[in-house]
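What follows is the residue order along each chain.
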Amino acid sequence: MSLTRRLRKMRRYKNLGTGDSFEALNKLRDAFLSAHDGHEADLITDGILTHDEKLKIGRRILIANWILAGIGIEEISRQLRVGKNTVMHVSRRVEKYEDCFKLIKKRSETVEKEFDSKAYKLTGGSTLVHKRREHTGFKRIDVKRK
């Protein structure tokens, strides 16, 4: 369905022209692409999204990850304490936009890999068999975009 047809279905946007819609969506994309690291991403999301919106989006991504992992609707609903309708809604989005959720998962894995490699270092003398792990102060939010 085209953007114009979708907007006509939403009453609150019926007076919005196609050009206005594209401009708004382009500004949203620009905002998300402008972040260089987690600090900037947090600054941007804090500025344009409410706490509730951020939680809803994060929960949808979490549900999508479980769906992609092959976990059943009943299990997801019970474990994440969400309604089956929510799981079904996200499931339909995953079917339609599977590449979206795969990109998010891939980026998440990249962040985790970099975090794991930089967050801790082994310390102790060269003769020490069991070295101590010390936190370096590096956080997930410090991972840069590539």
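Anything mentioned here points back to the structure above.
Summarised in this report is the structure supplied together with it. (Residues numbered from 1 in each chain as written. Predicted model: local features only at pLDDT ≥ 70, side-chain atom pairs only at ≥ 80, totals over all residues. Heavy atoms only, no water.)

Some words on the overall build of the protein chain
Counted only if it meets this: Only DSSP runs of H or I with at least four residues qualify as helices, and only runs of E with at least two residues qualify as strands; both kinds are numbered from the N terminus onward. It is over C-alpha atoms that the radius of gyration is taken, and the globule rule equals 2.2 Å times the number of residues to the power 0.38. Partly exposed residues are those whose accessible area sits between 20% and 50% of the maximum for their type, while under 20% is buried and over 50% is exposed, using a 1.4 Å probe and protein chains only. By definition, residues are in contact when any of their heavy atoms lie within 4.5 Å. The protein chains shown are the only cover counted for residues, whose accessible areas, like all others here, come from Shrake-Rupley with a 1.4 Å probe.
For the protein chain, the helix and strand inventory stands at 7 helices and 2 strands. In the protein chain, the succession of helices and strands from N to C terminus is α-α-α-α-α-α-α-β-β. On C-alpha atoms alone, the protein chain measures out to a radius of gyration of 20 Å, which is more than a quarter above the 15 Å that the 2.2 N^0.38 rule sets for 146 residues. The principal-axis extents of the C-alpha atoms in the protein chain amount to approximately 75 × 40 × 25 Å. Residues counted as buried form 19% of the 146 residues belonging to the protein chain. Residue pairs at least 24 apart in sequence account for 36% of intrachain contacts in the protein chain once pairs closer than 6 positions are excluded. Taken as a whole, the protein chain presents about 11500 Å² of accessible surface, with 54% of it coming from carbon and sulfur.

Let's talk about unusual backbone geometry
Its identity as a non-glycine residue notwithstanding, R81 has a phi of 55°, on the positive side. Here R81 is to be found in the loop between α5 (73–80) and α6 (84–96). R81 sits in the exposed class, given a relative accessible area of 77%.

Considering the side chain of D37
We apply this condition: Here a polar contact is taken to be a pair of N or O atoms separated by no more than 3.5 Å, where protein atoms must pair a possible hydrogen donor with a possible acceptor and residues adjacent in sequence count only if both atoms sit in side chains.
Structurally, the position occupied by D37 is in the loop between α2 (18–33) and α3 (38–48). Within the local environment of D37, its side chain forms a polar contact with the backbone nitrogen of E40, the two atoms lying 3.0 Å apart. Here the side chain of D37 touches K144 through a polar contact of 3.3 Å, side chain to side chain. Not counting residues within four places of it along the chain, the set of residues in contact with D37 comprises I141, V143 and K144.

A short note on the packing of aromatic side chains
In this description, an aromatic ring pair is defined by two values, namely the gap between the centres and the angle between the planes. Defined as follows: Ring pairs shown here join Phe, Tyr and Trp side chains whose ring centres sit within 6.5 Å, with only the six-membered ring taken for Trp; geometry is labelled stacked below 30 degrees between planes, edge-to-face above 60, and tilted in between. Two limits define a charge over a ring: the Lys NZ or Arg CZ must be within 6 Å of the ring centre, and within 35 degrees of the ring normal.
Under the criterion given, the structure shown has 0 aromatic pairs. If you follow R140 out to its NZ or CZ, it ends over the ring of F115, 4.1 Å from the centre.

Remarks on the environment of D30
Its place among the elements puts D30 in helix α2. Spatially, the C-alpha atom of D30 lies 17 Å from that of I104, the residues being 74 residues apart in sequence.

Some thoughts on the pattern of salt bridges
Using the following cut-off: Any carboxyl oxygen of Asp or Glu that lies within 4 Å of a side-chain nitrogen of Lys or Arg is treated as forming a salt bridge with it.
For the coordinates displayed, the defined rule picks out 9 salt bridges. Notably, a salt bridge pairs E109 with K105, separated by 3.7 Å at the nearest N-O pair. Placement of the pair is E109 and K105 together in helix α7 (residues 98–118), with a separation of 4 residues, close to one helical turn.

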